[in-house]
Amino acid sequence: MADLEARLVDLETRLAFQEQALLDLSDALAAARSEEASNALRLHRALEELRQLRSAMAASPVTGDAASEPPPPHY
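As a starting point, this report considers the structure included with it. Because the structure is a prediction, the values reported are computed rather than measured.

## Regarding the overall build of the protein chain
A tally of helices and strands in the protein chain yields one helix and zero strands. Across the 75 residues in the protein chain, those meeting the buried criterion constitute 0%. Of the accessible surface of the protein chain, which amounts to about 7,400 Å², a share of 62% is contributed by carbon and sulfur atoms.

## A look at the pattern of salt bridges
Enumeration according to the criterion identifies two salt bridges in this entry. Residues Glu48 and Arg51 are paired through a salt bridge, measuring 3.6 Å at the closest nitrogen-oxygen approach. In this pair, Glu48 and Arg51 both sit in helix α1 (residues 2-59), three residues apart, roughly one turn of the helix. We classify Arg51 as partly exposed; its relative accessible area is 47%.

## Things to note about a nonpolar patch on the surface
Together, Leu43, Leu47, Leu50, Leu53 and Met57 give the surface a local cluster of nonpolar side chains, amounting to about 490 Å² of exposed area. Mapped onto the elements of the fold, Leu53 is located in helix α1. A relative accessible area of 48% places Leu53 in the partly exposed class.

Each value, and the rule that gives it
- Residues numbered from 1 in each chain as written.
- Predicted model: local features only at pLDDT ≥ 70, side-chain atom pairs only at ≥ 80, totals over all residues.
- Heavy atoms only, no water.
- Helix = DSSP H or I, 4+ residues; strand = E, 2+ residues; numbered from the N terminus.
- Buried < 20%, exposed > 50% of the residue type's maximum accessible area, 1.4 Å probe, protein only.
- Areas by Shrake-Rupley, 256 points an atom, 1.4 Å probe, with all protein chains shown as cover.
- Salt bridge = Lys/Arg side-chain N within 4 Å of Asp/Glu carboxyl O.
- Patch = residues over 30% accessible without salt bridge, like charges linked within 9 Å, V, L, I, M, F, W, Y side chains within 5 Å.

Here's what the structure looks like:
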């Protein structure tokens with residue numbers, strides 16, 4: 001009977017450990033999903049900012065257009 005009780009205690013201990021491991025994994029997964037959502041939002045904002053910057057630069061380029069550059073100085 002003592003052997004049966006020892007096995008039962010061992011199984012209960014293992015089950016408790018597995019339940020705790022599952023809870024820890026669940027928490028880690030929730031944190032990873034939250035971080036992924038935050039990163040996706042940051043990436044979306046950065047892409048939108050780049051699109052706006054690209055549009056602004058295409059509308060009024062700073063350099064690269066020879067017609068908008070002043071003539072070279074004469075020596």
